[in-house]
Amino acid sequence: MQALNGVILCIAWIVGLLSRAHPYGWIGLMGLGLGLMGMRMLSLRTPWPFLYPWRRGPRIAFWLLALAIALFASLYFVLRTPTSGSRDISRMVAEVSRSPVTVTGTVKTVPRLTRSQTVQFQMQALNLQAKPTQQTVRGLLYVSLPPKQGQDLHPGQRVEVSGYLYKPRRSATPQGFDFEDYLTRSGIFAGLRGKTVTVKQSGGNWGGWAVRQRIVRSHARFLGPEKGALVSAMVLGHRRVDLPFDLRNRFVKVGLAHALAASGFHVSIILAGLLKITGRLSSRTQLLTGLSGLIIFICLSGFEPSVARAVLMGMAGLAAVAVNRKLNPVGVLLLVAVGLLVIQPQWIWDLGFHLSFLATLGLIVTVPPLTQKLDWLPPAIASLFAVPIAAMLWTLPLQLYQFGIAPIYCLLANICTTPLLILLTAGGFCSGIVAVVWPLAGSLLAWLLAIPTQGLIWLVTQISQLPGASLTLGTLSIWQLVLLYGLLVSAWLLPVWKQRLSLLITLALGIIILPLWHHQVHRFQITIFDRATPPMMVLQQPEGTLVLNSGDRNTASQTLVPFLQRQGIDQVDLALATDLRPRWREGWPELLQQVPLKKLIPISLTDNTALQEWILKFQVQPEQLRLLQVGEQLIQNQAQISVLRHQPTLLQFTIHQQNWLMVAGRYQRVLPWLQTTNVSSPQVLWWSTKVDLEAIHHLQPQVLILTSPYIDAESLSQLERRIPQVYWTPRDGAVQWTRDRGFESTFPLSENPASPL
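The rules behind each value
One numbering rule holds for all chains: residues counted from 1, following each sequence as written. pLDDT decides what is reported in this predicted model: residues at 70 or higher carry local features, side-chain atom pairs at 80 or more are listed and counted, and totals for whole chains, interfaces and linings draw on all residues regardless. Derived side-chain values reflect all non-hydrogen atoms in the structure, with water molecules and hydrogen atoms excluded from consideration. Only DSSP runs of H or I covering at least 4 residues are called helices, and only runs of E covering at least 2 are called strands; the numbering of each starts at the N terminus. Using C-alpha atoms as the atom set, the radius of gyration is obtained and then compared with a globule rule of 2.2 Å times the number of residues to the power 0.38. Residues count as neighbours in contact if any of their non-hydrogen atoms are within 4.5 Å of one another. Strands are labelled as partners when DSSP assigns at least two bridges between them. Lines fitted to the C-alpha atoms define the axes, with helices restricted to the stretch that makes contact. Angles between their N-to-C directions range from 0 to 180 degrees. Cysteine sulfur atoms that come within 2.5 Å of each other are treated as a disulfide pair. Working definition: with a 1.4 Å probe on protein chains only, accessible area under 20% of the residue-type maximum means buried, over 50% means exposed, and in between means partly exposed. Polar contacts, as counted here, are pairs of nitrogen or oxygen atoms within 3.5 Å of one another; within protein the pair requires one atom able to donate a hydrogen and one able to accept it, and residues that are adjacent in sequence qualify only if both atoms are side-chain atoms. Expected helix span is given by 1.5 Å per residue-to-residue step, counting one fewer step than there are residues. Points on a 1 Å grid, built from protein atoms alone, make a cavity when a 1.4 Å probe fits but cannot get out and make a pocket when they are open with protein on both sides within 12 Å along at least 5 of 7 lines; residues with an atom within 4 Å of a point are the lining residues. Grid points are joined across faces, edges and corners, and a volume is the space filled by probe spheres set on the points. Asp, Glu, Lys and Arg are counted as charged, while Ala, Val, Leu, Ile, Met, Phe, Trp, Tyr, Cys and Pro are counted as nonpolar; the rest, among them Gly, fall into the polar class. Patches here: salt-bridge-free residues with over 30% relative accessible area, like charges joined within 9 Å, nonpolar side chains (Val, Leu, Ile, Met, Phe, Trp, Tyr) joined within 5 Å. Per-residue and other accessible areas follow the Shrake-Rupley method at a 1.4 Å probe size, with only the shown protein chains counted as cover for residues. Put simply, a salt bridge is a Lys or Arg side-chain nitrogen that is within 4 Å of an Asp or Glu carboxyl oxygen. Think of it this way: a Phe, Tyr or Trp ring, Trp meaning its six-membered ring, pairs with another when their centres are within 6.5 Å, and the plane angle makes it stacked under 30 degrees, edge-to-face over 60, tilted otherwise. Note on criteria: charge over ring means Lys NZ or Arg CZ within 6 Å of the ring centre, with the direction from the centre no more than 35 degrees off the ring normal. Every residue gets a pLDDT, meaning the predictor's confidence in that residue, from 0 to 100. To qualify as a nonpolar core, a set must consist of buried Ala, Val, Leu, Ile, Met, Phe, Trp, Tyr and Cys residues joined through side-chain atoms within 4.5 Å.

## A closer look at the overall build of the protein chain
Then step 1. Across its full length, the protein chain holds 31 helices and 23 strands.
Then step 2. Scaling as 2.2 N^0.38, a compact globule of 757 residues should have a C-alpha radius of gyration of about 27 Å, and the protein chain matches this with 29 Å.
Then step 3. Seen along its three principal axes, the alpha-carbon backbone of the protein chain occupies a region of about 95 × 75 × 60 Å.
Then step 4. For the protein chain, the proportion of contacts with a sequence separation of at least 24, taken over those separated by at least 6, is 64%.

## Quick notes on the sheet that holds strand 10 (residues 525–528)
Then step 1. The strand order 14-13-12-11-10-22-23 describes an open sheet built from seven strands, whose pairing is mixed. Here the strands that pair on one side only, and so sit at the sheet edges, are strand 14 (600–602) and strand 23 (742–745). For this sheet, the mean angle separating the axes of adjacent strands, direction not counted, is 15°.
Then step 2. Bridging between strand 10 and strand 22 (residues 735–738) involves four bridges; their strand directions are antiparallel. Note on strand 22: the bridge partner recorded for Gln525 is Thr738.
Then step 3. Contacting strand 10, strand 11 (537–541), strand 12 (544–548) and strand 22, helix 24 (residues 553–566) crosses the sheet at an angle of about 15° to strand 11.

## Side note on the sheet that holds strand 16 (residues 639–645)
In any sheet, the strands associate via hydrogen bonds between backbone groups, in a parallel or an antiparallel arrangement.
Then step 1. If you walk across this open sheet you meet the seven strands as 15-16-17-18-19-20-21, and the pairing is mixed. Either end of the sheet is taken by a strand with one partner, and the two such strands are strand 15 (633–636) and strand 21 (725–728). Between one strand axis and the next, the sheet turns through 15° on average, direction left out of account.
Then step 2. Bridging between strand 15 and strand 16 involves four bridges; their strand directions are antiparallel. What sits directly across from Leu634, in strand 16, is Ile641.
Then step 3. Helix-sheet contacts for helix 30 (residues 713–722) involve strand 20 (703–706) and strand 21, and the interaxial angle to strand 21 is about 150°.

## Looking at the state of the cysteines
Then step 1. Tallied over the entire structure, the rule returns zero disulfides.
Then step 2. With no disulfide of its own, Cys416 lies 12 Å from the sulfur of Cys410, the closest cysteine sulfur.

## Overview of unusual backbone geometry
Then step 1. Unlike most non-glycine residues, Asn549 shows phi in positive territory, near 65°.
Then step 2. Classification of Asn549 as buried rests on a relative accessible area of 1%.
Then step 3. In this model, Gln700 sits at a positive phi of 50°, which is unusual for a non-glycine residue.
Then step 4. On the secondary structure map, Gln700 appears in the loop between helix 29 (693–699) and strand 20.
Then step 5. Residue classification places Gln700 among the exposed positions, given a relative accessible area of 55%.

## Some details on the side chain of Thr555
Then step 1. Along the chain, Thr555 turns up in helix 24.
Then step 2. Classification of Thr555 as buried rests on a relative accessible area of 9%.
Then step 3. Within the structure, the side chain of Thr555 is placed 2.7 Å from the side chain of Asp552, a separation counted as a polar contact.
Then step 4. Those residues within four positions of Thr555 in sequence are excluded, and the remaining contacts are Arg531, Met536, Ser550 and Leu560.

## Focus: helix 8 (residues 208–223)
Then step 1. With 16 residues, helix 8 ought to run about 22 Å at 1.5 Å a step, and its terminal C-alpha atoms sit 23 Å apart, in line with that.
Then step 2. Taken as a whole, helix 8 has its buried residues at Trp209, Ala210, Val211, Arg212, Ile215, Ser218, His219 and Leu223.
Then step 3. The secondary structure elements touched by the buried residues of helix 8 are helix 9 (225–236), helix 13 (283–301), helix 18 (410–437), helix 19 (439–447) and helix 20 (450–464).
Then step 4. One or two residues past the end of helix 8 sits Gly224, with phi positive at roughly 95°.

## As for empty space enclosed by the protein
Then step 1. Enumeration according to the criterion identifies one cavity of 30 Å³ or more in this entry.
Then step 2. Within this model, the largest cavity holds a volume of roughly 60 Å³.
Then step 3. Leu275, Ser283, Gln286, Leu287, Leu318, Val321 and Ala322 are the residues that line the largest cavity.
Then step 4. Elements with a contribution of two residues or more to the lining of the largest cavity: helix 13 and helix 14 (305–323).
Then step 5. Residue composition of the lining of the largest cavity, by class: five nonpolar, two polar and no charged.

## Examining the layout of surface pockets
Then step 1. In this structure, the second largest pocket occupies an estimated 1,100 Å³ of space.
Then step 2. Around the second largest pocket, the lining comprises 33 residues; the ones closest to its centre are Ile389, Leu393, Leu488, Ile505 and Ala508.
Then step 3. Taken together, the elements giving at least two residues each to the lining of the second largest pocket come down to helix 16 (351–373), helix 17 (379–402), strand 8 (405–407), helix 18, helix 21 (478–493) and helix 23 (501–522).
Then step 4. Split into classes, the residues belonging to the lining of the second largest pocket amount to 29 nonpolar, two polar and two charged.

## Let's talk about a nonpolar patch on the surface
Then step 1. Residues Phe222, Val437, Trp438, Leu440, Leu444, Leu445, Trp447 and Leu448 make up a contiguous nonpolar surface patch of about 870 Å² in total accessible area.
Then step 2. Examining the composition of the nonpolar patch, we find that four residues originate from one element, helix 19, more than from any other.
Then step 3. Looking at where Leu444 falls in the secondary structure, it is placed in helix 19.

## Re the environment of Asn637
Then step 1. With respect to the helices and strands, Asn637 occurs in the loop between strand 15 and strand 16.
Then step 2. When the C-alpha positions of Asn637 and Pro542 are compared, they lie 8.6 Å apart, and in sequence the two are 95 residues distant.
Then step 3. In this structure Asn637 touches Gln541, Glu543 and Gly544, once residues within four positions along its chain are discounted.

## Remarks on the environment of Leu444
Then step 1. In this structure Leu444 comes out as partly exposed when scored by relative accessible area, which is 46%.
Then step 2. Sequence separation between Leu444 and Ser218 is 226 residues; the distance between their C-alpha atoms is 8.7 Å.

## Side note on the packing of aromatic side chains
Then step 1. What the rule picks out here adds up to 15 aromatic pairs.
Then step 2. On the numbers, 6.5 Å between centres and 45° between planes, the contact of Phe177 with Phe179 is tilted.
Then step 3. The exposure class of Phe177 is exposed, given its relative accessible area of 55%.
Then step 4. Linked through ring pairs, Tyr142, Phe177, Phe179 and Tyr182 together constitute an aromatic cluster.
Then step 5. If you follow Arg193 out to its NZ or CZ, it ends over the ring of Tyr166, 4.0 Å from the centre.

## Notes on the confidence of the model for the protein chain
Then step 1. Counting all residues, the mean pLDDT for the protein chain is 85, and 95% of those residues have values of 70 or more.
Then step 2. Low confidence marks residues 750–757, where pLDDT is under 50. Its contacts with residues over four positions away, or in another chain, come to ten contacts.

## Description of the nonpolar core
Proteins that are soluble and globular tend to have nonpolar side chains buried together.
Then step 1. The biggest cluster of nonpolar side chains holds 43 residues, and the ones touching the most others in it are Leu230, Phe251, Leu256, Val267, Phe297, Val311 and Leu456.
Then step 2. Beyond its immediate chain neighbours, meaning those up to four positions away, Leu256 contacts Phe251, Ala413, Asn414, Thr417, Leu421 and Val460.
Then step 3. Counting residues in each nonpolar core, the second largest holds 30 residues, with Met313, Val332, Leu333 and Val365 among its members.

## Details of the pairing of strand 7 (residues 188–201)
Then step 1. Across four bridges, strand 5 (residues 140–145) lies against strand 7 in parallel orientation. If you follow Ser144 over to strand 7, its bridge partner there is Arg193.
Then step 2. Relative to strand 7, strand 6 (residues 158–166) is paired through nine bridges, and the arrangement is antiparallel. Opposite Tyr164, over in strand 7, you have Arg193 as the bridge partner.

What follows is the structure, given as structure tokens:
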């Protein structure tokens, strides 16, 4: 009973933190607590058999204690949520927006290369200079710099960065990455787009960052940048190493992301190796050696959620071995989770925290029964199958909820690469420790890992190139997620379900597939992104998907591709390109690497041989690529598209019996042309170039979508008075239209009342 009571109190703390997902979550906590106490009271008054467990369970006073803990956890989360102080630099953003500033501060983190090919780091701000004022400030800044400017920076330096301040925004794309929330959890409320940096004080030359750089450079000396970074990531985690993004994507695609994140897999290998080496020594020596190895590991890789969880559980296991006692692994896991959430309650929303604990829970409760089912195999082989299957079962629902993608060859990749991962993790750890003392010797040891490292890269590359390496299903809803984990918990705790695994699997597949299939068959949705150049749209129909423009390389890879994957779109049937300048061409290859494309149609005045040659390199067949001229009409399922004009580009869409008109490109005055051309008034006008009030009023739309960032408050107000529905994407975010709900924006006006200025 004591164990059950402890579990309930731990769960109460976690549920209390989770209740902050809703502003009135405390009301839900009260309802849940009163409901549980009511079940206890009812079990004492009625002889119903299904209430018998409640009669033997905790008393009402205990449930009241659990409710109090949950409510305190909810309050504790609020108290520990970072807020900006009165002198925080974020409070100056409105005053100096669009004006160059110079910020003096101290570098707090090691600069890292981002997917946008900029260097980013955190800086403690001390002084702000903005003509004609100079002010003492406080607070952390998220700083980005050109690579050449930031490559020689390190923590402890006093620097002066010139650039532009900004406030991070929430994702303007539905279900997109919330950059504002990500920075807020770290206590950062402003960013600085730096142009130049000047080092004022060099700072110290030693610290954790220097040790890590020593290891990374030692591994790269003889292994080369790519292989050296991979070996370093096995020891330090990919967050501490600039691992090439292409290589990282391949690991993620085949379900080996855990190999690049310092976690329980690496801790178990390190502990097993240390205990093997000290096997003939005393238990005290084994304990001290193991603890020393774990402390070194967490100091090298940092206090990340997955690392902290693995190290704390490793320490608990070592202590149990030392005192010759058995531990309840599930209880230890819960205690570790609560302990970490007391230290940092914001981790309750950290995806790495969730995946780490779910994978560990899966290994604890699912590996033993799976191994028994595979008893016809040798024990080592059965374990090799059971471990990745268990981890995948418990993490896959959350992955589908977040990303909408399932790695098909996850099991194959884990089985094939496990021996190499063990070798590289142990070898990388040993060579890294040696490199701290003697870099050349560490480099020589790492050089012995060249062939296994190359073999691992080759294996991962080959598996990632197999047909259907990942299955794009689309994201799950919250109720699907709850039901799937309910089935997993039932299979673990209820004996009746353990004998009906085939039924459980059928129910799980039905929960995943049927709603997604229904959505795919009946979906009809238009999404207009908050971009002006080039304007971007995705039209989803039951019979196919249309994409208008892909943006530049970063927009395609970080915005468009994730959006398509979360929507369950595994193929684009028709793509239109209205802007053919070199920068905007680069997005198409990025899209094609992730999502197949059936037909691409550029819209241009001139023959674009260079564009055709560029696109043909990325598996678009010649018959799939042609130019669309003025007057031509395309029919794609329920949508008709025609080109009315170039410079600016005018596209007319007839979608679900609605007349849409898009105006984009380099603006030229179009009112005289509209007055002499038979262009019917559109129901929806999408204006993505310099705003022309006279032309917009002439067209008389019912709905106006503005994606141009340049419009003054008076003009916007005038448009809102004369047109029933006006959306301005820099303020409202992306705009979506569906048959059932009509038009909706990412940021409703009630949540974002700021003026365009």
